[in-house]
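Survey of secondary and tertiary structure
Take a look at the letters that make up each chain.
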Amino acid sequence: MESIPVLDMKKGQLYYRPLRPGDFAELKAAHLDLFPIDYDDGFFSKAVNGMARIFSLAAFDITGGCEKLVGFVTARLVPMSEVEKTDRQHMGVFASSWNSVSAVYILTLGVVPGYQKQGIATTLIGQLEQHSANLGARVMFFHVITYNEPAVRLYTRCHFRCVANLRNFYCIKSGRQPDPRRTRWDGFLFMKWVPMELKVSTGPVMEAIAPIRNAWGTCWPFACRQLFVSPGPPPESSIEPQLQLSQTTTSIFRRLFGRGRA
Ligand code: ACO
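Cut-off values and rules
Residues numbered from 1 in each chain as written. Predicted model: local features only at pLDDT ≥ 70, side-chain atom pairs only at ≥ 80, totals over all residues. Heavy atoms only, no water. Helix = DSSP H or I, 4+ residues; strand = E, 2+ residues; numbered from the N terminus. Buried < 20%, exposed > 50% of the residue type's maximum accessible area, 1.4 Å probe, protein only. Areas by Shrake-Rupley, 256 points an atom, 1.4 Å probe, with all protein chains shown as cover. Contact = heavy atoms within 4.5 Å. Near = heavy atom within 4 Å. Polar contact = N/O pair within 3.5 Å; in protein donor to acceptor, adjacent residues only side chain to side chain. pLDDT = per-residue confidence, 0-100. Expected span 1.5 Å × (residues − 1). Pairing = 2+ DSSP bridges. Phe/Tyr/Trp six-rings, centres within 6.5 Å; stacked < 30°, edge-to-face > 60°.

**Focus on the overall build of the protein**
Along the protein, the regular secondary structure elements total seven helices and seven strands. Each helix (α) and strand (β) of the protein, taken in turn from the N terminus, gives the series β-α-α-β-β-α-β-α-β-α-β-β-α-α. Looking at the protein as a whole, 50% of its 262 residues are labelled buried. For the protein, the accessible surface area stands at approximately 12500 Å², while carbon and sulfur atoms represent 55% of it.

**Section: the environment of Leu109**
Note on placement: Leu109 falls in strand 4 (residues 102-111). Residue contacts for Leu109: discarding those within four places in its chain leaves Phe35, Phe72, Val73, Ala121, Leu124, Ile125, Leu154 and Tyr155.

**With respect to the site of the ligand**
In the neighbourhood of the ligand, 25 residues make up the surrounding shell, with Leu109, Lys117, Gly119, Thr122 and Asn148 lying closest. The separation between an oxygen atom of the ligand and a polar side-chain atom of Arg153 is 2.9 Å. Notes on the ligand: free accessible area 1000 Å², of which the protein chains cover 79%. Where the shell around the ligand is concerned, the elements lending two or more residues are strand 4, helix 4 (120-134), strand 5 (139-145), helix 5 (149-157) and helix 7 (241-257).

**Section: the confidence of the model for the protein**
Atom-level detail of predicted coordinates should not be read off regions where pLDDT is low. When pLDDT is averaged across the protein, the result is 79; 71% of the residues are at 70 or more. Between residues 209-262, whose pLDDT stays under 50, and residues either more than four places distant or in other chains, the model counts 113 contacts.

**Focus on helix 4**
A rise of 1.5 Å per residue sets the reference length of helix 4, with its 15 residues, at 21 Å; its end C-alpha atoms lie 21 Å apart and thus fit the reference within 8%. For helix 4, the buried fraction is high: 13 of the 15 residues fall into the buried class. Phi for Gly136, located one or two positions after helix 4, is positive at around 85°.

**Structural notes on the pairing of strand 1 (residues 14-17)**
Of the two faces of strand 1, both are covered, the one formed by Leu14 and Tyr16 as well as the one formed by Tyr15 and Arg17. In this structure, strand 1 lies alongside strand 2 (residues 54-61), joined through four bridges in antiparallel fashion. Bridge pairing in strand 2 places Arg17 opposite Ala58.

**Observations regarding the packing of aromatic side chains**
Each aromatic ring pair is characterised by the separation of its centres together with the angle its planes make. Summed over the entire model, instances satisfying the criterion amount to 15 aromatic pairs. Pairing Phe188 with Phe190 gives two aromatic rings, centres 6.2 Å apart and planes at 80°, and the pair type is edge-to-face. Overall, Phe188 belongs to the buried group, its relative accessible area being 19%. With relative accessibility at 3%, the residue Phe190 sits in the buried group. Pairwise contacts between aromatic rings join Phe24, Phe35, Tyr39, Phe43, Phe44 and Phe72 into one cluster.

Quick look at the structure:
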């Protein structure tokens, strides 16, 4: 399973790198704190080990010399043939000609309290988008519970488009939902086309095989679906914040791809 390469970026106090096995406990604690949905240990294990085509990027506060997990995004590369039919219909990619096209499904994105509203999630999404392009994915998509206004604002600002409101998509019994007696919640389906101009050429050989890679997707069709995010049954229907973080984003792009994001 591919991972976003280690980002040796140590400007200021934030450091971005993929999750590692040692992050298991912190990742689990952050999910418990940030999400109303209960995720099982299998998910965290796959996320920190980069298994089942899950890849990740996390932000760490390295003040004082030790790492503290402050933000993360986990996502999964899926061939369109494995995406739920309903989602494909809503995204307008139902035709069988889309079957071999790769998509990136965002599993979880979170920034711990005290570090929010400093652009960390925006940076994580930007990096995810670049990596999705490098993987040859054409579409990014995810589900979000409809009451999650900060997330909806964030993704809208990042040019994701809401294409469906899925009635009773989520079945939540953790007690951490706004009304603990209510278990059924609607979910939005958001999507975004991966900008092809983000795709980085990696040399003549990769250029030559690009059509084949694109046709097959970047991964062989292992038998797995969006198993680790199914929150319920199938749907019925700082730091010196802004300046430093934008420098951070630019720096990451330069280190990784030898150019800025323009
Ligand atoms: N100074 C002031 N404001 C800033 C700065 C700054 N330097 N940088 C960014 N902001 C603002 C942004 O403009 C944005 O404003 P808006 O809400 O009016 O659009 C806001 O801060 C948030 O942007 P970010 O800082 O990039 O996002 P943040 O790091 O705060 O993370 C998130 C947002 C992930 C939604 C966070 O609130 C969170 O973890 N929530 C709980 C978990 C969650 O809901 N995750 C998403 C679920 S959906 C999914 O996982 C697929």
